[in-house]
Amino acid sequence: MDQAIIWFEGLCQQLARDPKAVSDQYENFKNSEQVLQNCRVILQANQTSPLAKFYALSAAQYALLMRWESTALTVIGEWIGYLEELILVVAQQWKQLPTFLTRKVLLLYVGL
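Residues numbered from 1 in each chain as written. Predicted model: local features only at pLDDT ≥ 70, side-chain atom pairs only at ≥ 80, totals over all residues. Heavy atoms only, no water.

Asker: What is the right way to look at the pattern of salt bridges in this model?
Answerer: When the charged atoms of two side chains lie near each other, side chains of opposite charge can form a pair. All told, the structure shown has 1 salt bridge when counted by the stated rule. Here Glu27 ties to Lys30 by a salt bridge, and the two come within 3.1 Å at their closest N and O atoms. Here Glu27 pairs with Lys30, and both are found in helix H2 (residues 19-31), just 3 residues apart, close to one helical turn. Among the residues examined, Lys30 registers a relative accessible area of 11% and is labelled buried. (Salt bridge = Lys/Arg side-chain N within 4 Å of Asp/Glu carboxyl O. Helix = DSSP H or I, 4+ residues; strand = E, 2+ residues; numbered from the N terminus. Buried < 20%, exposed > 50% of the residue type's maximum accessible area, 1.4 Å probe, protein only.)

Asker: Looking at this model, I keep getting lost on the packing of helix H5 (residues 73-93) against helix H6 (residues 99-111). Mind explaining?
Answerer: Axis angle and axis distance: for two packed helices, these are the angle between their axes and the distance between the axes, and together they describe the pair. Axis separation between H5 and H6 bottoms out at 10 Å; the angle between their running directions is 150°. Between H5 and H6 the crossing geometry is left-handed. Within the contact between the two elements, H5 uses Ile80, Leu83, Glu84, Leu86, Ile87 and Val90 and H6 uses Thr102, Val105, Leu106, Leu108 and Tyr109. Along the lines of polarity and charge, the residues of the contact of H5 with H6 split into 9 nonpolar, 1 polar and 1 charged. (Axes fitted to C-alpha atoms, helices over the stretch in contact; angles between N-to-C directions. Left-handed = near helix turned anticlockwise from the far one by under 90°. Contact = heavy atoms within 4.5 Å. Nonpolar A, V, L, I, M, F, W, Y, C, P; charged D, E, K, R; others polar.)

Written out as structure tokens, the structure reads:
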């Protein structure tokens, strides 16, 4: 597994247990210039946990909505297309996926 994904997995586990201890790290991740690219890498990695995928979707949602006016339409369109692909996966695997993750995919899609 990629070192960045391992770091993010650890961050997400800490966020779930003690959010105050690592909230600055997560804020830095959400506000980084590469957040959307990093979120795609995390979401596309097969071995990424549902919790990490949830936090990656949350970070992408934050970045897309907070930077809406400055985000290129092609980037927004790519994310909409990618989320449509994820919705198909959710539709096929909904029994195996945690509800919090399927809801986050749908909420982000509807929000865009």
